[in-house]
Amino acid sequence: MRKAFKYRLYPTKPQARDLERTLELCRQLYNAALQERRDAYRKAGKAVGFYEQKRHLPVIRRDLPEYKGIHSQVLQEVIQRVDRAFQGFFRRVKQGQKPGYPRFKGRNRYDSFTFPQAGSTGVKVQEGGKRVFIHGIGSVKVKLHRPLEGKLKTATVKREGEHWYIVFVCEVDPKPLPPNDRAVGIDLGTNPHFLVTSEGEMVEVPRHYQKAQVKLARKQRELSRKKKGSSRWKRVKRELAKLHRKIANQRKDFHHKVARGWSTDMASLFTRI
């Protein structure tokens, strides 16, 4: 089985600029690959596939010097993202669902790039887990708040607001729980409780979003009064995104504490629901 480990990165200012630059170049490549597929089908009725676009990458790296500093497998993964988007589109068409044709990515809609073979190239953990080497960026400070497990397969560098993270996906051996004949029933979403168990235990809903409604409404009004695209509009937008991110982190923290606060068998049952 595969397990993800997410850690906070602490890049220097030059490293943060390099990360932003890499994201922007990957975004431009994504949009260019999408445009090529659209034009080929509209103008010639021809379908351009993953391997055909992948063969163009050496030419791109040769003719556009800015792409030479980006790992070749990162660029291949960008093309694969475009391919997955079209595969999902055609699958939804066949199933009669709303297809949702793949769209171009704006500057704030492309927030990660991936090293698909991080276990062997592109990314390396250094100095006993205090730093991580990222190809094209350098040695970046990282906080491994829990140890990595298993065999490293992929690494994704991700931007969330003003923060940077790295997500390692590792292949680990499953650890089955010891056999247990106990059974616990769980009723979720029983207002005002988050859950109620068959043993009578009740967990209240913390209502982080509702408690933040006043602050959210104030920021939304402040944002609506600013001229869209101005420096003040961007500042308030960042503050609003930060507030939403805090609420999401509070909700995630609550879920983890509830699961880990129970006994092992109840926690395992909760995580499967």
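Just so we're clear, the structure is a prediction, and the values are computed from it rather than from any experiment.

Conventions adopted
Residues numbered from 1 in each chain as written. Predicted model: local features only at pLDDT ≥ 70, side-chain atom pairs only at ≥ 80, totals over all residues. Heavy atoms only, no water. Pairing = 2+ DSSP bridges. Helix = DSSP H or I, 4+ residues; strand = E, 2+ residues; numbered from the N terminus. Axes fitted to C-alpha atoms, helices over the stretch in contact; angles between N-to-C directions. Phe/Tyr/Trp six-rings, centres within 6.5 Å; stacked < 30°, edge-to-face > 60°. Lys NZ or Arg CZ within 6 Å of the ring centre and 35° of its normal. Core = buried A, V, L, I, M, F, W, Y, C linked by side-chain atoms within 4.5 Å. Buried < 20%, exposed > 50% of the residue type's maximum accessible area, 1.4 Å probe, protein only. Contact = heavy atoms within 4.5 Å. Salt bridge = Lys/Arg side-chain N within 4 Å of Asp/Glu carboxyl O.

Peer 1: Explanation requested: the sheet that holds strand β9 (residues 193-197) in the structure shown.
Peer 2: Backbone-to-backbone hydrogen bonds pair the strands of a sheet. The strands run either parallel or antiparallel. Taken in spatial order, the 3 strands line up as β8-β9-β10 in an open sheet, and their pairing is antiparallel. Strands with a single pairing partner mark the edges of an open sheet, and in this sheet they are β8 (186-188) and β10 (202-204). Strand after strand, the sheet turns through a mean of 10° between neighbouring axes, direction not considered. Looking at chain direction, β9 and β10 are connected through 3 bridges and run antiparallel. In the strand pairing of β10, Leu 195 is matched with Val 203.

Peer 1: I'm lost on the packing of aromatic side chains in this one. Help?
Peer 2: The geometry of an aromatic ring pair comes down to the distance between the two centres and the angle between the two planes. Counting across every chain of the model gives 9 aromatic pairs. Site record: aromatic cluster; members linked through ring pairs are Phe 86, Phe 89, Phe 90 and Tyr 101. Stacked on the ring of Tyr 165, the Lys or Arg Lys 6 has its end atom at 4.7 Å from the ring centre.

Peer 1: Help me out: how do you make sense of the nonpolar core in this one?
Peer 2: Buried together is how nonpolar side chains tend to be arranged in soluble globular proteins. Leu 9, Val 132, Ile 134, Val 157 and Ile 166 are the most contacted members of the largest nonpolar core, which has 38 residues in total. Mapped by element, the contributors of at least two residues to this core are β1 (2-10), α1 (13-44), α4 (72-94), β2 (112-115), β4 (131-134), β5 (138-143), β6 (151-160) and β7 (163-171). The element best represented in this core is α1, accounting for 8 residues. If we skip the residues at most four places from it in the chain, Leu 9 touches Val 132, Ile 134, Val 140, Lys 141, Val 142, Val 157, Trp 164, Tyr 165 and Ile 166. In this structure, Leu 216, Trp 233, Leu 240 and Leu 243 belong to the second largest nonpolar core, which totals 8 residues.

Peer 1: In this structure, what is going on with the environment of Asn 249? I would like to understand it.
Peer 2: As for its position among the elements, Asn 249 is in helix α7 (residues 231-261). Classification of Asn 249 as partly exposed rests on a relative accessible area of 41%. Taking the C-alpha atoms as reference, Asn 249 lies 13 Å from His 163; in sequence the two are 86 residues apart.

Peer 1: Sorry, what's going on with unusual backbone geometry here?
Peer 2: If a residue is not glycine, its phi is most likely negative; likewise, a peptide bond is most likely trans. You will see that Glu 127, though not glycine, has its phi angle at about 50°, which is positive. Mapped onto the elements of the fold, Glu 127 is located in the loop between β3 (123-126) and β4. Unlike most non-glycine residues, Arg 207 shows phi in positive territory, near 55°. For Arg 207, the position within the fold is in the loop between β10 and α5 (208-211). The exposure class of Arg 207 is partly exposed, given its relative accessible area of 32%.

Peer 1: Which parts of the structure should I look at to understand the pattern of salt bridges?
Peer 2: Should the charged atoms of two oppositely charged side chains come close, the side chains can pair. Inspection of the entire model under this criterion finds 17 salt bridges. Here Lys 3 makes a salt bridge to Glu 149, at a shortest N to O gap of 3.6 Å. Of this pair, Lys 3 sits in strand β1 while Glu 149 sits in the loop between β5 and β6, placing them 146 residues apart in sequence. Between Arg 159 and Glu 20 there is a salt bridge, with the nearest N and O atoms lying 2.6 Å from each other. Of this pair, Arg 159 sits in strand β6 while Glu 20 is found in helix α1, placing the two residues 139 residues apart along the sequence. Classification of Arg 159 by relative accessible area gives buried; the value is 12%. Shared partners join several salt bridges into a network, and the residues in it are Lys 219, Glu 222, Arg 235 and Glu 239.

Peer 1: Would you mind going over the environment of Phe 115 with me for this structure?
Peer 2: Relative to the helices and strands, Phe 115 resides in strand β2. For Phe 115, a relative accessible area of 1% corresponds to the buried category. Expressed as a C-alpha distance, the spacing of Phe 115 and Glu 66, which sit 49 residues apart in the sequence, is 18 Å. The residues contacting Phe 115, other than those within four sequence positions of it, are His 71, Val 74, Gly 122, Val 123, Ile 134, His 135, Lys 153, Thr 154, Ala 155 and Val 157.

Peer 1: Even after reading the chapter, I still don't get the environment of Leu 75, so can you show me in this structure?
Peer 2: In this fold, Leu 75 is placed in helix α4. The spatial distance from the C-alpha of Leu 75 to the C-alpha of Leu 25 is 9.3 Å, given a sequence separation of 50 residues. Filtering out sequence-adjacent residues up to four positions away, Leu 75 remains in contact with Leu 29, Leu 57, Arg 61, Tyr 67 and Ile 70.

Peer 1: Just to check I follow, could you spell out the side chain of Gln 53 for this structure?
Peer 2: Within the secondary structure, Gln 53 is located in helix α2 (residues 50-54). Excluding anything up to four places from it in sequence, Gln 53 contacts Ala 33, Glu 36, Arg 37, Val 48 and Ile 79.

Peer 1: What am I meant to see in the pairing of β3 here?
Peer 2: Taken residue by residue, a regular strand's side chains alternate between the two faces of the sheet. As paired strands, β3 and β4 are joined by 4 bridges and run antiparallel to one another. The residue of β4 that forms the bridge with Val 125 is Val 132. Taking the residues that link successive antiparallel strands as the turn, the β3-β4 hairpin has 4 residues, and the phi of Glu 127 there is positive, at about 50°.

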